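Below are the chains, spelled out letter by letter.
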Amino acid sequence: MRRWLVGFLLLAAVLVGCRVEEGAPTSYPARTPAAPSTPGATRTISPSPVRPTTPAAGKVDFTITVVHSGGVVGKVLPCG
Amino acid sequence: MARRATAIAKVRDEASGPVLVVDTGDTLYGKSAADRKQAPLLVAAMNAMGYDAMAIGEYELVAGLDEVQARFGEARFSVLSANVGPAGTLGISPYLLRAYAGHTVALIGVTSPTAQARAAALGLKVDDPLEAVRRVVQELHGQADVILVLSNLNAELNKRMVSEVPGIDAILGAAGGATIQAYGVAGPEGTVVLQAAGPEGQGIGVLTLNLDDQGRVVSYNGSVWLLTPSYADDPEMVRLMEQYGVRP
């Protein structure tokens, strides 16, 4: 009877321990800055709460591409 | 530069819509005397590559007034700054509008406050950059679907611009010469995309914005192209460089 009771208590302790471990994280990791985009990946922008959306919002109607350079500081290099 | 011309031509070939080509400043002149002799070639090359606009940085203002006036006068692209004045001096405009198939894109230039001393030597004044951009964005309300800022500001000021100036869709450039792949940050009126091409012309930023039929940016795709030897020299650009005594 005593052995059974000890075994039961040990089993209970293990189960409680596991449960505590599973539920342990009570806070979330600190938010990291937005990750750089993967070249070539298209990122969708969530509808703005300020700029009202319409049912058509989200469907791509037109595309514009911007190429930009900068910080050349007078250097005429083979590349840039 | 010969590789940059090839890369820009490739972007134009592959794009499914219009392509704008811009510079975010600190480009025409450098710190050393040698880096201050190339400005005529740089302007001629930017003309040849079909640049639409350039923002003024501190290093656009390091030469004498006659020199700066001559280079800005040769530019077939708009020289932009919302916060360098008096208005109209040296042909500087606060913004440029481009209209395409019912959609209007505004390009606003903004100059770093660190240019104040250089500007003063030319009789110019550098105002608060965020106040100036805010004023221009308000002025453009209802005129432009997409607002892009060609920023000569550092990363900290760009970050403040995201949170303090509503209505901007993307901020391009500067960030202290860092290379920054495109990423989105929540602003007061939606996502603002930031991207920087990196230092000394070693790369170009390519940012594609997808608009819905209301002219709103619904998604974007950006990357920085490092101009490695895999980009062949553009023969026209090589010829132009040779005319200025520079070998690619």
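Let me begin by describing the structure that accompanies this report. (Residues numbered from 1 in each chain as written. Chains lettered and ligands numbered in written order. Predicted model: local features only at pLDDT ≥ 70, side-chain atom pairs only at ≥ 80, totals over all residues.)

1. Let's talk about the interface of chain B and chain A
- Facing the 77 residues of chain B at the interface are 41 residues of chain A.
- Taken together, the elements giving at least two residues each to the side of chain B that touches chain A come down to helix H1 (2-14), strand E1 (19-23), helix H2 (39-48), strand E6 (103-110), strand E10 (179-187), strand E11 (190-197), strand E12 (203-211) and strand E13 (217-226) of chain B.
- Per-element accounting of the side of chain B that touches chain A gives the leading share, 8 residues, to E12(B).
- For the side of chain B that touches chain A, a count of residues per class yields 41 nonpolar, 24 polar and 12 charged. (Contact = placed C-beta atoms within 7 Å. Helix = DSSP H or I, 4+ residues; strand = E, 2+ residues; numbered from the N terminus. Nonpolar A, V, L, I, M, F, W, Y, C, P; charged D, E, K, R; others polar.)

2. Notes on the environment of B:Arg118
Residues and elements named next belong to chain B.
- The residue Arg-118 is located in helix H4 (residues 116-121) in this model.
- For the pair Arg-118 and Glu-60, spaced 58 residues apart in sequence, the C-alpha to C-alpha distance is 9.1 Å.
- Excluding residues that lie within four positions of it along the chain, Arg-118 makes contacts with Glu-58, Leu-61 and Val-62.

3. As for unusual backbone geometry
- Omega for the bond connecting B:Gly85 with B:Pro86 falls within 30 degrees of zero, at 5 degrees, which places this linkage in the cis form.
- Even without being a glycine, A:Val73 presents a positive backbone phi close to 40 degrees.
- A tally of 23 C-beta atoms within 10 Å means that A:Val73 is categorised as buried.
- We note that B:Ala101 has phi near 45 degrees; this positive angle belongs to a residue other than glycine.
- Secondary-structure assignment places B:Ala101 in the loop between strand E5 (95-100) and E6. (Buried ≥ 20, exposed ≤ 12 C-beta atoms within 10 Å, placed from the backbone.)

4. Notes on the sheet that holds E12(B)
- Pairing is mixed in the open sheet, where 7 strands are placed in the order E1(A)-E13(B)-E12(B)-E2(A)-E1(B)-E2(B)-E3(B). The open sheet terminates on both sides in strands that have one partner only, identified here as strand E1 (42-44) of chain A together with strand E3 (78-80) of chain B. If you compare each strand with its neighbour and ignore which way they point, the axes differ by 25 degrees on average.
- Where strand E2 (residues 53-55) of chain B meets E3(B), 3 bridges bridge the pair, whose relative direction is parallel. Each bridged residue has a counterpart across the sheet, and for B:Met54 the counterpart in E3(B) is B:Val79. (Pairing = 2+ DSSP bridges. Axes fitted to C-alpha atoms, helices over the stretch in contact; angles between N-to-C directions.)

5. Considering the sheet that holds strand E8 (residues 146-151) of chain B
Residue and element names in this part refer to chain B.
- Read across the sheet, 6 strands follow the order E5-E6-E8-E9-E11-E10 without closing on themselves; strand pairing throughout is mixed. Of all the strands in the sheet, the pair left with one neighbour each is E5 and E10. In this sheet, neighbouring strand axes are inclined to one another by 20 degrees on average, regardless of whether the strands run parallel or antiparallel.
- Bridging between E10 and E11 involves 7 bridges; their strand directions are antiparallel. If you follow Val-185 over to E11, its bridge partner there is Val-192.
- Each of E5, E6 and E8 is contacted by helix H5 (residues 129-139), which is oriented at about 160 degrees to E6, the strand it contacts most.

6. With respect to the pairing of E11(B)
Residues and elements named next belong to chain B.
- Burial of E11 is extensive: 8 of the 8 residues sit out of reach of the surface.
- Sheet topology note: the strand E9 (residues 170-172)/E11 ladder contains 3 bridges and is parallel. Paired with Ile-171 across the strands is Leu-194, a residue of E11.
- Where E10 folds back onto E11 in an antiparallel hairpin, the turn is made up of 2 residues.

7. Regarding the nonpolar core
- Counting 94 residues, the largest nonpolar core has B:Leu80, B:Leu107, B:Ile108 and B:Leu148 as the members making the most contacts within it.
- What B:Ile108 contacts, discounting residues up to four positions off in sequence, is B:Leu80, B:Ala82, B:Pro94, B:Tyr95, B:Val133, B:Val136, B:Ile147, B:Val149 and B:Leu150. (Core = buried A, V, L, I, M, F, W, Y, C linked by C-beta atoms within 7 Å.)

8. Some details on helix H7 (residues 235-243) of chain B
Residues and elements named next belong to chain B.
- Listing the buried residues of H7 in full gives Met-237, Leu-240 and Met-241. Seen from one end, H7 has its buried residues packed into an arc of 100 degrees, which puts them on one side. Projecting away from the buried face of H7 at angles above 90 degrees are the exposed residues Pro-235, Arg-239, Glu-242 and Gln-243.
- The elements touched by buried residues of H7 are H1 and H2.
- Where H7 terminates, the next one or two residues include Gly-245, which has phi positive at roughly 75 degrees. (Arc of directions from axis to C-beta.)

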